[in-house]
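# Coordinate inspection notes
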Amino acid sequence: MSNENDDDATQLGSIGHHMNKPQQPGNPQMRPAFQAPSLPTHPQKQSGDDEDTVLSAYNATPSRPAMPTVPTTHPMKAQPAQPVQMQQPLPQSQPIPAAAPRQFPQATTSQAKPAQPAATSSMMSAPQADITEFHNQFAKLVDSVSQVVVGKEQPIRQCATAMIVGGHILLEDNPGTGKTQLARGLANSIDMSFKRIQFTPDLLPSDVVGVTYYDQKNGEFEYREGPIFASIVLADEINRASPKTQSALLEVMEEQKVTVDGETHPVPQPFMVIATQNPIEQLGTYKLPEAQMDRFLIKTTIGYPSHDVSVSILKQVNVTDRASTVHAVLTGNDVLRMRAISETVHLDDAILEYIVRLVEATRHNERIQVGSSMRGALALTRCARVWAASNNRGYAVPDDVKQLAVAVLAHRITLTAEATFAGYTPGQMIEQILENVPAPTVGATV
């Protein structure tokens, strides 16, 4: 049988014909003999070769016709075992289509690459219409509170995030920075019930959660609800109350219900406690226990206003109560609706892994005596979803975690005595952990 790629042309030497067809790429000697049966499946010659049509397994004398004829290829179908006797491989023009995938394996892998963008697009699992609605409502709430506390968008956004998540916030700052104004401005911007509790050393637990009394007119015991039964509760100067009174908030802040005399009473929804405390005046105060600090979703500060903002405030010196100038822009149902939308925000596994690594890093740091609990990891996860939706995104990115890590985790750790004497603060330790733990590359960054 003929071989077009054989340079010495042993089969064609008897007739004095020399082939000038260029050699096909690859080593023809490596062709397996079992590919010979594929020749009869192509009766029509596509390569334009006219030398191998009359050279059959019958050892007939080559006649060199001008064009191949169909009948000359039919006798080969009756000899499927002849390729075993052949000493030369088949022409390269026939088995190339069958062997092409082995010569170019990269073609199959390149065809699978277009499926990669599907994994990136799956990050946006939340409907864009719902995310846009969330973004607009969140911006409306922040703008309303910004009229009360001017130039402090970051703490306002954190308070709004805690409200939507259903957690509590602790405002710790110097006197006169607007802690109470911020709490009242947030309460007035939402059409919900609001109560204020001024914590004093003589405050009793019954003054917070309520008391059961005997009604002589009806002749039975009745429960009188305390000021804790409101959607937004302002605990002003919370560290001035005794630990006994502070412990009355542990159950309601965690389980959002109050148990008095064996009966459980749920608080209205949504529910949020905004507590304030003064960090510099320690006379007549009681430090909040770690169990209560862990129940606050976010701890933040407001800080002093900038120079331009201070001048703008002085121009409105006649306004004595800025919180009373704002009106409700959202309702309680709007807050619950926003909470449901935030639960649809996609969290990639890499983001969850990143949050766990941050929390675990607080437990293995030599300067941290007590690291963050699992409640801190859950709080950071929930806040990251709300923060992503407020930025008009249906998926969370590492920057959402970074911007909230200090506010969510700093108050949940306890430094060693050596680190405290060295001047380290919990916030500085969380920032150091953020620098040491590598962030994943998921989606886009903000």
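Going by the annotation in an unreviewed UniProt entry, the name recorded for the chain is AAA family ATPase, with Bifidobacterium hominis given as the source organism.

### Some remarks on the pattern of salt bridges
Tallied over the entire structure, the rule returns 11 salt bridges. The partner of Glu255 in a salt bridge is Lys257, and the shortest N-O contact between them spans 3.5 Å. Looking at Lys257, the relative accessible area reads 30%, which means it is partly exposed. A single network of salt bridges, built from pairs that share partners, joins Glu254, Asp294, Arg375 and Arg412.

### Quick word on helix α9 (residues 248–255)
Counting along an α-helix, one turn takes 3.6 residues, and residues three or four places apart therefore face a common direction. Those residues of α9 lying buried are Ala248, Leu249, Val252 and Met253. Axial view of α9: buried residues confined to an arc of 100°, hence all on one face. Residues of α9 that are buried sit in contact with α7 (206–209), α8 (243–246), β7 (257–260), β9 (272–277) and α10 (290–293).

### Some points on the side chain of Thr161
Of note, Thr161 is situated in helix α5 (residues 153–165). Setting aside anything within four residues of it in sequence, one finds Thr161 in contact with Phe138, Cys383, Val386 and Trp387.

### Digging into the environment of Gln198
Tracing the chain through its elements places Gln198 in strand β3 (residues 194–198). Distance in space between the C-alpha atoms of Gln198 and Ala241 is 9.1 Å, their sequence separation being 43 residues. Ignoring anything within four residues of it in the chain, the contact list for Gln198 reads Leu203, Asp236 and Glu237. In terms of polar contacts, Gln198 uses its side chain to reach the side chain of Arg196, at 3.3 Å.

### Section: the sheet that holds β9
The five strands lie next to each other as β3-β6-β9-β1-β10, forming an open sheet whose pairing is parallel. With partners counted over all chains shown, the strands left at the sheet margins are β3 and β10 (298–300), one partner each. Mean inter-strand twist for the sheet, computed between neighbouring axes without regard to direction, equals 15°.

### Here we look at the pairing of strand β6 (residues 232–236)
Most of β6 sits inside the fold, with five of its five residues counted as buried. When β3 meets β6, the two strands line up parallel, connected through five bridges. Its bridge partner lying in β6, Lys195 is registered against Val233. Relative to β9, β6 runs parallel, the two sharing four bridges. Residue pairing in the sheet places Ile232 in a bridge with Met272 of β9.

### Some points on the confidence of the model for the chain
With 70% of its residues at a pLDDT of 70 or more, the chain shows a mean pLDDT of 74. Scored below 50 in pLDDT, residues 1–124 makes 95 contacts in the model with residues more than four places away or belonging to other chains.

### Quick word on helix α6 (residues 179–188)
Burial of α6 is extensive: seven of the 10 residues sit out of reach of the surface. All of the buried residues along α6 are Lys179, Leu182, Ala183, Arg184, Gly185, Leu186 and Ala187.

### A closer look at the packing of aromatic side chains
Evaluated as defined, the whole model comprises three aromatic pairs. With centroids separated by 6.1 Å and ring planes inclined at 15°, the aromatic side chains of Phe134 and Phe138 adopt a geometry described as stacked. Separated by four residues within a single helix, Phe134 and Phe138 lie in helix α4 (residues 128–146), roughly one turn from each other. Note on Tyr214 and Phe221: the rings are 5.1 Å apart at their centroids and 65° apart in plane angle, and the pair reads as edge-to-face. Taking NZ or CZ as reference, Arg224 lies 4.5 Å from the ring centre of Tyr213, over its face.

Quick notes on the rules
Residues numbered from 1 in each chain as written. Predicted model: local features only at pLDDT ≥ 70, side-chain atom pairs only at ≥ 80, totals over all residues. Heavy atoms only, no water. Salt bridge = Lys/Arg side-chain N within 4 Å of Asp/Glu carboxyl O. Buried < 20%, exposed > 50% of the residue type's maximum accessible area, 1.4 Å probe, protein only. Helix = DSSP H or I, 4+ residues; strand = E, 2+ residues; numbered from the N terminus. Arc of directions from axis to C-beta. Contact = heavy atoms within 4.5 Å. Polar contact = N/O pair within 3.5 Å; in protein donor to acceptor, adjacent residues only side chain to side chain. Pairing = 2+ DSSP bridges. Axes fitted to C-alpha atoms, helices over the stretch in contact; angles between N-to-C directions. pLDDT = per-residue confidence, 0-100. Phe/Tyr/Trp six-rings, centres within 6.5 Å; stacked < 30°, edge-to-face > 60°. Lys NZ or Arg CZ within 6 Å of the ring centre and 35° of its normal.

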